[in-house]
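Topology and contacts: notes
Next come the chains, spelled out residue by residue.
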Amino acid sequence: MFKNAVQLFEIFGFKLKVDPSWLLIAALIVWSLSTSYFPQALPGGTATFYTVLGIIAMLGMFASLILHELSHSLVARSYGLKVGGITLFIFGGVAELEEEPHDPKSEFLIAIAGPLMSFALAALFYVASSMAAGGTEPSLTGAVFGYLALINLVLALFNMIPAFPLDGGRMLRAVIWGVTQDLLRATKIASRLGSAFGLFLMLTGAFAVFAGGGIGGFWQILIGFFILNASNGSYQNLLVKSALRGKTAASLMSDQVHTVDADTSVTDLVDNIMLRYGVSFVPVVSGDVLIGYADTAAVRSIDKANRPSTPVADIMQAVRADHTVAPDAPLNAVFKRMASSSRRKLMVVEGQRLVGVISLSDLMHHLAVEQEVGTRFSSED
(Lines give C-alpha, C1' and ligand atoms only; values in the text may rest on other atoms or scores of the structure.)
Protein backbone atom coordinates (compact mmCIF):
# COMPACT_ATOMS: atom_id res chain seq x y z
CA MET A 1 0.00 0.00 0.00
CA PHE A 2 2.83 2.40 0.87
CA LYS A 3 5.55 1.42 -1.61
CA ASN A 4 7.52 4.64 -1.12
CA ALA A 5 7.44 4.60 2.68
CA VAL A 6 10.81 4.98 4.41
CA GLN A 7 11.59 3.02 7.57
CA LEU A 8 12.84 5.23 10.41
CA PHE A 9 13.32 2.80 13.29
CA GLU A 10 11.77 -0.13 15.14
CA ILE A 11 9.75 0.15 18.33
CA PHE A 12 8.75 -2.95 20.31
CA GLY A 13 9.56 -5.01 17.22
CA PHE A 14 7.32 -2.98 14.89
CA LYS A 15 8.84 -1.20 11.91
CA LEU A 16 7.95 2.49 11.93
CA LYS A 17 7.72 3.92 8.41
CA VAL A 18 6.86 7.33 7.05
CA ASP A 19 5.26 7.83 3.65
CA PRO A 20 6.47 10.93 1.76
CA SER A 21 2.91 12.27 1.86
CA TRP A 22 3.36 12.80 5.62
CA LEU A 23 5.84 15.58 4.84
CA LEU A 24 3.01 17.60 3.30
CA ILE A 25 0.77 17.42 6.36
CA ALA A 26 3.78 18.04 8.63
CA ALA A 27 4.62 21.19 6.69
CA LEU A 28 0.99 22.36 6.80
CA ILE A 29 0.84 21.81 10.57
CA VAL A 30 4.04 23.79 11.16
CA TRP A 31 2.82 26.60 8.88
CA SER A 32 -0.61 26.76 10.54
CA LEU A 33 0.79 26.75 14.07
CA SER A 34 3.54 29.29 13.36
CA THR A 35 1.26 31.76 11.58
CA SER A 36 -1.94 31.44 13.60
CA TYR A 37 -2.04 29.41 16.82
CA PHE A 38 1.21 30.41 18.51
CA PRO A 39 1.11 34.13 17.53
CA GLN A 40 -2.34 34.30 19.19
CA ALA A 41 -1.34 32.24 22.24
CA LEU A 42 2.06 33.89 22.71
CA PRO A 43 2.00 37.38 21.18
CA GLY A 44 5.19 39.37 20.66
CA GLY A 45 7.47 36.60 19.37
CA THR A 46 9.49 36.43 16.18
CA ALA A 47 8.67 34.35 13.11
CA THR A 48 11.63 32.06 13.85
CA PHE A 49 10.42 31.55 17.42
CA TYR A 50 6.92 30.57 16.23
CA THR A 51 8.36 28.25 13.58
CA VAL A 52 10.48 26.43 16.16
CA LEU A 53 7.43 26.01 18.40
CA GLY A 54 5.45 24.76 15.40
CA ILE A 55 8.10 22.12 14.68
CA ILE A 56 8.13 21.02 18.34
CA ALA A 57 4.32 20.74 18.41
CA MET A 58 4.33 18.86 15.08
CA LEU A 59 6.83 16.35 16.49
CA GLY A 60 4.58 15.97 19.53
CA MET A 61 1.68 15.16 17.22
CA PHE A 62 3.99 12.75 15.35
CA ALA A 63 4.73 10.95 18.62
CA SER A 64 1.03 10.93 19.55
CA LEU A 65 0.11 9.24 16.26
CA ILE A 66 2.81 6.64 16.81
CA LEU A 67 1.47 5.85 20.28
CA HIS A 68 -2.10 5.65 18.89
CA GLU A 69 -1.08 3.11 16.23
CA LEU A 70 1.32 1.34 18.59
CA SER A 71 -1.56 0.61 20.95
CA HIS A 72 -3.47 -1.04 18.08
CA SER A 73 -0.38 -3.06 17.17
CA LEU A 74 0.39 -4.26 20.69
CA VAL A 75 -3.17 -5.46 21.30
CA ALA A 76 -3.23 -7.14 17.87
CA ARG A 77 0.02 -8.94 18.66
CA SER A 78 -1.36 -10.09 22.00
CA TYR A 79 -4.08 -11.91 20.01
CA GLY A 80 -1.52 -13.58 17.76
CA LEU A 81 -2.04 -11.35 14.73
CA LYS A 82 0.89 -10.35 12.53
CA VAL A 83 1.49 -6.61 12.12
CA GLY A 84 3.57 -5.57 9.12
CA GLY A 85 4.49 -2.27 10.71
CA ILE A 86 3.23 1.22 11.48
CA THR A 87 3.12 3.77 8.68
CA LEU A 88 2.41 7.48 8.97
CA PHE A 89 0.95 9.14 5.87
CA ILE A 90 -0.96 12.22 4.82
CA PHE A 91 -4.21 11.24 6.58
CA GLY A 92 -2.62 10.08 9.83
CA GLY A 93 -1.28 6.64 10.60
CA VAL A 94 -2.10 2.99 10.12
CA ALA A 95 -1.11 -0.24 11.86
CA GLU A 96 -0.71 -2.70 8.99
CA LEU A 97 -2.44 -5.89 10.16
CA GLU A 98 -1.58 -8.74 7.80
CA GLU A 99 -4.77 -10.65 8.64
CA GLU A 100 -8.27 -10.03 9.94
CA PRO A 101 -8.96 -10.46 13.68
CA HIS A 102 -10.15 -13.96 14.49
CA ASP A 103 -13.22 -13.04 16.53
CA PRO A 104 -15.42 -10.04 17.45
CA LYS A 105 -13.81 -9.57 20.87
CA SER A 106 -10.29 -9.19 19.51
CA GLU A 107 -11.56 -6.89 16.72
CA PHE A 108 -13.28 -4.61 19.25
CA LEU A 109 -10.34 -4.46 21.66
CA ILE A 110 -7.81 -3.83 18.88
CA ALA A 111 -9.98 -1.03 17.49
CA ILE A 112 -10.71 0.73 20.79
CA ALA A 113 -7.07 0.66 21.92
CA GLY A 114 -6.14 3.59 19.67
CA PRO A 115 -8.84 6.05 20.80
CA LEU A 116 -8.25 5.09 24.45
CA MET A 117 -4.56 5.96 24.04
CA SER A 118 -5.47 9.29 22.41
CA PHE A 119 -7.95 10.11 25.21
CA ALA A 120 -5.25 9.30 27.77
CA LEU A 121 -2.72 11.51 25.98
CA ALA A 122 -5.28 14.33 25.75
CA ALA A 123 -5.86 14.15 29.51
CA LEU A 124 -2.13 13.98 30.22
CA PHE A 125 -1.33 17.01 28.05
CA TYR A 126 -4.30 18.92 29.48
CA VAL A 127 -3.01 18.39 33.02
CA ALA A 128 0.50 19.39 31.91
CA SER A 129 -0.88 22.50 30.21
CA SER A 130 -2.86 23.51 33.31
CA MET A 131 0.17 23.06 35.54
CA ALA A 132 2.35 25.11 33.17
CA ALA A 133 -0.18 27.96 33.05
CA GLY A 134 0.13 28.81 36.72
CA GLY A 135 1.06 32.48 36.30
CA THR A 136 -0.64 35.44 34.68
CA GLU A 137 1.70 35.49 31.65
CA PRO A 138 1.11 33.10 28.74
CA SER A 139 3.27 29.99 29.10
CA LEU A 140 5.31 28.56 26.23
CA THR A 141 5.02 24.99 27.49
CA GLY A 142 1.37 25.55 28.33
CA ALA A 143 0.65 26.59 24.73
CA VAL A 144 2.43 23.54 23.28
CA PHE A 145 0.80 21.12 25.72
CA GLY A 146 -2.57 22.78 25.16
CA TYR A 147 -2.30 22.17 21.41
CA LEU A 148 -1.29 18.53 21.94
CA ALA A 149 -4.21 18.02 24.35
CA LEU A 150 -6.62 19.41 21.76
CA ILE A 151 -5.21 17.48 18.80
CA ASN A 152 -5.29 14.17 20.71
CA LEU A 153 -8.88 14.81 21.79
CA VAL A 154 -9.87 15.55 18.18
CA LEU A 155 -8.00 12.44 17.00
CA ALA A 156 -9.80 10.26 19.53
CA LEU A 157 -13.27 11.69 18.84
CA PHE A 158 -12.88 11.55 15.05
CA ASN A 159 -11.70 7.94 15.16
CA MET A 160 -14.68 7.00 17.34
CA ILE A 161 -17.10 7.89 14.52
CA PRO A 162 -18.81 4.58 13.56
CA ALA A 163 -17.67 4.70 9.94
CA PHE A 164 -15.45 1.90 8.64
CA PRO A 165 -12.42 1.83 8.39
CA LEU A 166 -12.16 4.33 11.27
CA ASP A 167 -11.70 2.76 14.71
CA GLY A 168 -15.34 3.44 15.55
CA GLY A 169 -16.36 1.65 12.36
CA ARG A 170 -14.26 -1.35 13.31
CA MET A 171 -15.86 -1.37 16.75
CA LEU A 172 -19.29 -1.28 15.10
CA ARG A 173 -18.26 -4.14 12.81
CA ALA A 174 -17.19 -6.14 15.86
CA VAL A 175 -20.57 -5.62 17.52
CA ILE A 176 -22.50 -6.60 14.37
CA TRP A 177 -20.16 -9.55 13.87
CA GLY A 178 -20.81 -10.70 17.42
CA VAL A 179 -24.59 -10.47 16.96
CA THR A 180 -24.81 -12.02 13.47
CA GLN A 181 -21.75 -14.31 13.62
CA ASP A 182 -21.14 -13.21 10.02
CA LEU A 183 -17.96 -11.22 9.37
CA LEU A 184 -18.81 -10.58 5.72
CA ARG A 185 -22.24 -9.15 6.54
CA ALA A 186 -20.80 -7.06 9.37
CA THR A 187 -18.12 -5.67 7.07
CA LYS A 188 -20.70 -4.88 4.39
CA ILE A 189 -22.87 -2.87 6.82
CA ALA A 190 -19.92 -1.05 8.41
CA SER A 191 -18.41 -0.31 4.98
CA ARG A 192 -21.66 1.18 3.71
CA LEU A 193 -21.77 3.48 6.72
CA GLY A 194 -18.15 4.38 6.05
CA SER A 195 -18.95 5.16 2.41
CA ALA A 196 -21.92 7.31 3.46
CA PHE A 197 -19.74 9.23 5.91
CA GLY A 198 -17.06 9.71 3.25
CA LEU A 199 -19.64 11.11 0.83
CA PHE A 200 -20.99 13.38 3.59
CA LEU A 201 -17.53 14.80 4.21
CA MET A 202 -16.97 15.35 0.49
CA LEU A 203 -20.31 17.12 0.00
CA THR A 204 -19.98 19.35 3.06
CA GLY A 205 -16.38 20.05 2.09
CA ALA A 206 -17.52 21.13 -1.38
CA PHE A 207 -20.12 23.47 0.15
CA ALA A 208 -17.41 24.89 2.42
CA VAL A 209 -15.17 25.57 -0.58
CA PHE A 210 -17.95 27.40 -2.44
CA ALA A 211 -18.76 29.33 0.73
CA GLY A 212 -15.19 30.56 0.98
CA GLY A 213 -13.92 27.96 3.44
CA GLY A 214 -10.64 27.69 1.53
CA ILE A 215 -8.11 24.99 2.33
CA GLY A 216 -10.26 23.52 5.12
CA GLY A 217 -12.96 22.54 2.63
CA PHE A 218 -10.46 20.98 0.23
CA TRP A 219 -8.91 19.03 3.09
CA GLN A 220 -12.34 17.73 4.11
CA ILE A 221 -12.99 16.58 0.54
CA LEU A 222 -9.68 14.68 0.50
CA ILE A 223 -10.40 12.97 3.83
CA GLY A 224 -13.89 12.01 2.65
CA PHE A 225 -12.48 10.61 -0.60
CA PHE A 226 -9.94 8.55 1.35
CA ILE A 227 -12.59 7.12 3.71
CA LEU A 228 -14.90 6.32 0.77
CA ASN A 229 -12.18 4.41 -1.09
CA ALA A 230 -10.85 2.69 2.02
CA SER A 231 -14.30 1.49 3.12
CA ASN A 232 -15.16 0.11 -0.32
CA GLY A 233 -11.71 -1.41 -0.73
CA SER A 234 -11.82 -3.15 2.65
CA TYR A 235 -15.11 -4.87 1.79
CA GLN A 236 -13.87 -5.90 -1.66
CA ASN A 237 -10.66 -7.30 -0.16
CA LEU A 238 -12.69 -9.41 2.26
CA LEU A 239 -14.85 -10.66 -0.63
CA VAL A 240 -11.71 -11.75 -2.45
CA LYS A 241 -10.34 -13.52 0.64
CA SER A 242 -13.67 -15.27 1.15
CA ALA A 243 -13.89 -16.39 -2.48
CA LEU A 244 -10.35 -17.80 -2.51
CA ARG A 245 -10.30 -19.27 0.99
CA GLY A 246 -9.46 -22.96 1.14
CA LYS A 247 -8.30 -23.10 -2.49
CA THR A 248 -4.79 -23.68 -3.77
CA ALA A 249 -2.80 -22.78 -6.87
CA ALA A 250 -3.32 -26.32 -8.19
CA SER A 251 -7.11 -25.84 -8.18
CA LEU A 252 -7.00 -22.87 -10.56
CA MET A 253 -3.84 -23.32 -12.62
CA SER A 254 -3.77 -24.16 -16.32
CA ASP A 255 -2.14 -27.57 -16.62
CA GLN A 256 -2.13 -27.59 -20.43
CA VAL A 257 0.99 -25.49 -20.87
CA HIS A 258 2.99 -25.01 -24.05
CA THR A 259 6.70 -25.26 -23.29
CA VAL A 260 9.85 -24.81 -25.36
CA ASP A 261 13.25 -26.47 -25.25
CA ALA A 262 16.20 -24.22 -24.45
CA ASP A 263 17.94 -25.16 -27.74
CA THR A 264 14.96 -24.11 -29.89
CA SER A 265 15.50 -21.01 -32.02
CA VAL A 266 13.66 -17.81 -31.23
CA THR A 267 12.03 -17.96 -34.66
CA ASP A 268 10.56 -21.39 -33.91
CA LEU A 269 9.40 -20.15 -30.51
CA VAL A 270 7.52 -17.28 -32.15
CA ASP A 271 6.10 -19.18 -35.15
CA ASN A 272 5.33 -22.57 -33.61
CA ILE A 273 4.21 -21.59 -30.14
CA MET A 274 3.49 -17.91 -29.55
CA LEU A 275 1.66 -17.18 -32.81
CA ARG A 276 0.20 -20.65 -33.23
CA TYR A 277 -1.34 -20.86 -29.76
CA GLY A 278 -1.73 -17.16 -29.00
CA VAL A 279 0.50 -17.13 -25.90
CA SER A 280 2.96 -14.47 -24.81
CA PHE A 281 4.58 -16.40 -21.95
CA VAL A 282 6.34 -19.73 -22.54
CA PRO A 283 8.15 -21.81 -19.88
CA VAL A 284 11.56 -23.11 -20.99
CA VAL A 285 12.50 -26.69 -20.12
CA SER A 286 15.44 -29.02 -20.42
CA GLY A 287 13.94 -32.49 -20.47
CA ASP A 288 11.58 -32.58 -17.48
CA VAL A 289 13.37 -29.79 -15.62
CA LEU A 290 12.05 -26.22 -15.67
CA ILE A 291 14.93 -23.80 -16.26
CA GLY A 292 13.21 -20.50 -17.04
CA TYR A 293 10.71 -18.72 -19.26
CA ALA A 294 10.62 -16.55 -22.37
CA ASP A 295 8.08 -13.85 -23.20
CA THR A 296 7.34 -11.36 -25.95
CA ALA A 297 9.47 -8.68 -24.29
CA ALA A 298 12.49 -10.99 -24.51
CA VAL A 299 11.73 -11.81 -28.14
CA ARG A 300 11.58 -8.11 -29.04
CA SER A 301 15.09 -7.66 -27.69
CA ILE A 302 16.43 -9.69 -30.65
CA ASP A 303 16.45 -8.34 -34.21
CA LYS A 304 14.32 -10.38 -36.61
CA ALA A 305 17.37 -11.16 -38.74
CA ASN A 306 19.12 -12.79 -35.77
CA ARG A 307 16.18 -14.76 -34.43
CA PRO A 308 16.72 -17.94 -36.55
CA SER A 309 20.26 -18.32 -35.18
CA THR A 310 19.51 -17.33 -31.57
CA PRO A 311 18.53 -20.13 -29.17
CA VAL A 312 15.81 -19.51 -26.61
CA ALA A 313 18.40 -20.09 -23.88
CA ASP A 314 19.98 -16.75 -24.83
CA ILE A 315 16.82 -14.70 -24.19
CA MET A 316 15.11 -16.61 -21.41
CA GLN A 317 14.82 -15.48 -17.80
CA ALA A 318 16.30 -18.14 -15.54
CA VAL A 319 13.85 -19.64 -13.06
CA ARG A 320 13.83 -17.97 -9.64
CA ALA A 321 11.72 -18.27 -6.52
CA ASP A 322 9.71 -15.15 -7.40
CA HIS A 323 8.72 -16.75 -10.75
CA THR A 324 7.25 -19.88 -9.20
CA VAL A 325 4.71 -21.11 -6.69
CA ALA A 326 4.01 -24.52 -5.16
CA PRO A 327 0.85 -26.42 -6.13
CA ASP A 328 -0.43 -26.31 -2.54
CA ALA A 329 0.13 -22.55 -2.12
CA PRO A 330 -3.08 -20.86 -0.87
CA LEU A 331 -4.80 -18.79 -3.56
CA ASN A 332 -5.10 -15.86 -1.15
CA ALA A 333 -1.31 -15.74 -0.89
CA VAL A 334 -0.91 -16.09 -4.66
CA PHE A 335 -3.35 -13.23 -5.30
CA LYS A 336 -1.62 -11.00 -2.72
CA ARG A 337 1.75 -11.75 -4.28
CA MET A 338 0.57 -10.84 -7.78
CA ALA A 339 -1.30 -7.74 -6.63
CA SER A 340 1.78 -6.38 -4.84
CA SER A 341 4.14 -6.88 -7.78
CA SER A 342 4.23 -6.42 -11.53
CA ARG A 343 4.25 -10.18 -12.15
CA ARG A 344 1.03 -11.40 -13.77
CA LYS A 345 1.91 -15.07 -14.31
CA LEU A 346 3.51 -17.61 -12.00
CA MET A 347 4.75 -21.09 -12.91
CA VAL A 348 3.44 -23.83 -10.65
CA VAL A 349 6.36 -26.09 -9.84
CA GLU A 350 6.70 -29.33 -7.93
CA GLY A 351 10.36 -29.99 -7.23
CA GLN A 352 11.96 -28.94 -10.53
CA ARG A 353 9.05 -30.08 -12.65
CA LEU A 354 6.53 -27.68 -14.20
CA VAL A 355 2.94 -28.74 -13.46
CA GLY A 356 1.06 -25.63 -14.62
CA VAL A 357 0.81 -21.86 -14.94
CA ILE A 358 -1.47 -19.55 -12.97
CA SER A 359 -2.17 -15.98 -14.09
CA LEU A 360 -3.81 -12.92 -12.61
CA SER A 361 -6.45 -13.12 -15.33
CA ASP A 362 -7.30 -16.67 -14.13
CA LEU A 363 -7.85 -15.31 -10.62
CA MET A 364 -9.90 -12.33 -11.78
CA HIS A 365 -12.05 -14.52 -14.01
CA HIS A 366 -12.67 -16.90 -11.12
CA LEU A 367 -13.70 -14.01 -8.85
CA ALA A 368 -16.01 -12.61 -11.54
CA VAL A 369 -17.74 -15.98 -11.94
CA GLU A 370 -18.08 -16.36 -8.17
CA GLN A 371 -19.75 -12.95 -8.00
CA GLU A 372 -21.95 -13.60 -11.04
CA VAL A 373 -23.38 -16.87 -9.73
CA GLY A 374 -23.96 -15.29 -6.33
CA THR A 375 -21.92 -17.71 -4.28
CA ARG A 376 -22.42 -17.19 -0.56
CA PHE A 377 -19.05 -17.02 1.14
CA SER A 378 -18.33 -18.30 4.60
CA SER A 379 -17.46 -15.55 7.05
CA GLU A 380 -15.05 -17.68 9.06
CA ASP A 381 -11.50 -16.46 8.74
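Nothing here was measured: the structure is a model prediction, and the numbers come from that model.

Points about helix α5 (residues 167-180)
Here α5 spans 20 Å end to end across 14 residues, near enough to the 20 Å set by a 1.5 Å rise per residue. Every buried residue of α5 is listed here: D167, G168, G169, M171, R173, A174, I176 and W177. A positive backbone phi angle near 55 degrees is found at Q181, which sits one or two residues after α5.

Section: helix α4 (residues 140-159)
In this model α4 runs 29 Å from its N-terminal to its C-terminal C-alpha over 20 residues, within 8% of the 28 Å that 1.5 Å per residue would give. Buried residues in α4 make contact with α1 (21-41), α2 (47-78), α3 (104-132) and α5.

With respect to the confidence of the model for the chain
Overall, the prediction assigns the chain a mean pLDDT of 86, with 94% of residues at 70 or greater. Scored below 50 in pLDDT, residues 375-381 shows 17 contacts in the model against residues more than four places distant or in partner chains.

A word on unusual backbone geometry
Backbone torsion omega between F164 and P165 reads 15 degrees, so that peptide bond is classified as cis. As for its placement among the helices and strands, P165 is situated in the loop between α4 and α5. Although it is not a glycine, F12 adopts a positive phi angle of roughly 55 degrees. Relative to the elements of secondary structure, F12 occurs in the loop between β1 (6-11) and β2 (14-18). The class for F12 is exposed, based on a relative accessible area of 54%. The phi angle at Q181 is positive, at roughly 55 degrees, despite the residue not being glycine. For Q181, the location among the structural elements is in the loop between α5 and α6 (183-210). For Q181, a relative accessible area of 54% corresponds to the exposed category.

Overview of the nonpolar core
A general trend in soluble globular proteins is that nonpolar side chains are found buried together. Of all hydrophobic cores here, the largest spans 36 residues; its most connected members are W22, I29, F38, F62 and Y147. Going through the elements one at a time, β2, α1, α2, β3 (83-89), α3 and α4 are the ones with two or more residues in this core. Broken down by element, this core gets its largest block of residues, 10 residues, from α2. Excluding residues that lie within four positions of it along the chain, I29 makes contacts with M58, M61 and Y147.

Details of the packing of aromatic side chains
All told, the structure shown has 8 aromatic pairs when counted by the stated rule. Judged by centre distance (5.0 Å) and plane angle (70 degrees), the rings of Y37 and F38 are edge-to-face. Note on F38: relative accessible area 0%, which makes it buried. When the ring of F49 is compared with that of Y50, the centres are 5.6 Å apart and the planes differ by 55 degrees; the resulting orientation is tilted. Look at F49 and you get partly exposed, because its relative accessible area is 30%. Through successive ring pairs, a cluster of aromatic residues spans Y37, F38 and Y147.

A few points about a nonpolar patch on the surface
Together, L116, F119, L153, L157 and M160 line one region of the surface with nonpolar side chains, adding up to about 410 Å² of accessible area. Put simply, the parts of the chain that give the nonpolar patch at least two residues each are α3 and α4. By the secondary structure assignment, L116 is in helix α3.

Cut-offs used in this document
- Residues numbered from 1 in each chain as written.
- Predicted model: local features only at pLDDT ≥ 70, side-chain atom pairs only at ≥ 80, totals over all residues.
- Heavy atoms only, no water.
- Helix = DSSP H or I, 4+ residues; strand = E, 2+ residues; numbered from the N terminus.
- Expected span 1.5 Å × (residues − 1).
- Buried < 20%, exposed > 50% of the residue type's maximum accessible area, 1.4 Å probe, protein only.
- Contact = heavy atoms within 4.5 Å.
- pLDDT = per-residue confidence, 0-100.
- Core = buried A, V, L, I, M, F, W, Y, C linked by side-chain atoms within 4.5 Å.
- Phe/Tyr/Trp six-rings, centres within 6.5 Å; stacked < 30°, edge-to-face > 60°.
- Patch = residues over 30% accessible without salt bridge, like charges linked within 9 Å, V, L, I, M, F, W, Y side chains within 5 Å.
- Areas by Shrake-Rupley, 256 points an atom, 1.4 Å probe, with all protein chains shown as cover.
- Salt bridge = Lys/Arg side-chain N within 4 Å of Asp/Glu carboxyl O.

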